[in-house]
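The residues making up each chain are set out below.
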Amino acid sequence: MKKLVVISSSPRKDGNSETLAKEFIRGAMDAGNEAELIVLRDYDLKYCTGCYSCAKTGKCFMDDGMNEISQKLIAADVIVFATPVYFYSMSGQLKVMIDRLVPSYREMKADIYMIATQYDNDKEIMEMTFDSIRGATKYCFNNCEEKGLIYGTELWEKKDASVREDYLEQAYNMGKKI
Ligand SMILES: Cc1cc2nc3c(=O)[nH]c(=O)nc-3n(C[C@H](O)[C@H](O)[C@H](O)COP(=O)(O)O)c2cc1C
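Residue numbers run consecutively from 1 along every chain, following the written order of its sequence. Totals for whole chains, interfaces and linings use all residues, but because this is a predicted model, local features are given only for residues with pLDDT of at least 70 and pairs of side-chain atoms are given and counted only at 80 or more. Side-chain metrics rest on all non-hydrogen atoms present in the structure, leaving aside hydrogens and water.

## Quick word on the packing of aromatic side chains
Here a ring pair, both rings aromatic, is described through the centre-centre distance and the interplanar angle of the planes.
Part 1: Pairing of aromatic side chains requires ring centres within 6.5 Å, counting the rings of Phe and Tyr and the six-membered ring of Trp. Pairs whose planes differ by under 30 degrees are stacked, by over 60 edge-to-face, and all others tilted. All chains considered together, the criterion is met by 4 aromatic pairs.
Part 2: Their ring planes at 25° and their centres at 6.0 Å tell us that Y105 and F141 sit as a pair that is stacked. Taken together, the positions of Y105 in the loop between α4 (92-99) and β4 (111-117) and F141 in the loop between α5 (127-137) and β5 (145-152) put the pair 36 residues apart, joining distant regions of the chain.
Part 3: Judged by its relative accessible area of 3%, F141 falls in the buried class. Each helix is a run of DSSP H or I of at least 4 residues and each strand a run of E of at least 2, with the numbering of both proceeding from the N terminus. Only protein chains enter the area calculation, which uses a 1.4 Å probe; residues under 20% of their type maximum are buried, those over 50% are exposed, and those in between are partly exposed.

## Details of the nonpolar core
Part 1: Residue types Ala, Val, Leu, Ile, Met, Phe, Trp, Tyr and Cys, when buried and joined through side-chain atoms within 4.5 Å, form a set referred to as a nonpolar core. Counting 33 residues, the largest nonpolar core has I7, I69, L73, F81, L94, M97 and M108 as the members making the most contacts within it.
Part 2: Elements with a minimum of two residues in this core: β1 (3-8), α3 (66-75), β3 (78-84), α4, β4, α5 and β5.
Part 3: By size, the runner-up hydrophobic cluster in this structure holds 20 residues, among which are L4, I25, A28 and L168.

## So, the pairing of β1
Part 1: Among the 6 residues in β1, 5 count as buried, and that is most of the element.
Part 2: In the sheet, β1 pairs with strand β2 (residues 34-39) via 6 bridges, with the strands oriented parallel. Of the residues in β2, the one forming a bridge with V5 is E36.
Part 3: Here a crossover is taken to be right-handed if, once the strands point away from the viewer, the path from the first strand over the helix to the second is traced clockwise. Once you follow β1 into helix α1 (residues 16-30) and on to β2, the crossover reads as right-handed. Being paired, for any two strands, means DSSP has found at least two bridges between them.

What follows is the structure, given as structure tokens:
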């Protein structure tokens, strides 16, 4: 049994990326794994101030829930980052959370999956968004390894993903195989 933590970073409840994230979780749980969905819009995460007090204390001085999220990510075997594409990049909400991982990212040792959803039908262009996340996951999280990607193209309105059987199936099956 693996411990899965899924970060949903869209401000839209039950939007496209969150719908696929939940299917991923459903697959993972059906295969006997433990899963937790962390919804960033339920938090009011502040920006990293770059003070580096965490280098001395091992945690952030701000008490806004980020230290608890960090502990969950450290304990995870599998982490999924789910994001809408915002101007060819990850959502601001996800970027703010990743910046807050300075005290904890070296301790993370998980398989990484990424789910992105966008209006555009160009899959290649979505690499820019994945690359924006890879700045952390590939170049900094040295004990983590990228294992899977979901390119949710041609998804615009909030409910578009919920009727895309192909994407739903892909997310479910990927979750099942973690
Ligand atoms: C601020 C903003 C920026 C966006 N930028 C892009 C973009 O660069 N490319 C694109 O194809 N779609 C873009 N979109 C559309 C969203 O990526 C698309 O609707 C996505 O499916 C939303 O996912 P969600 O429902 O999980 O929030 C943008 C939407 C917003 C609100």
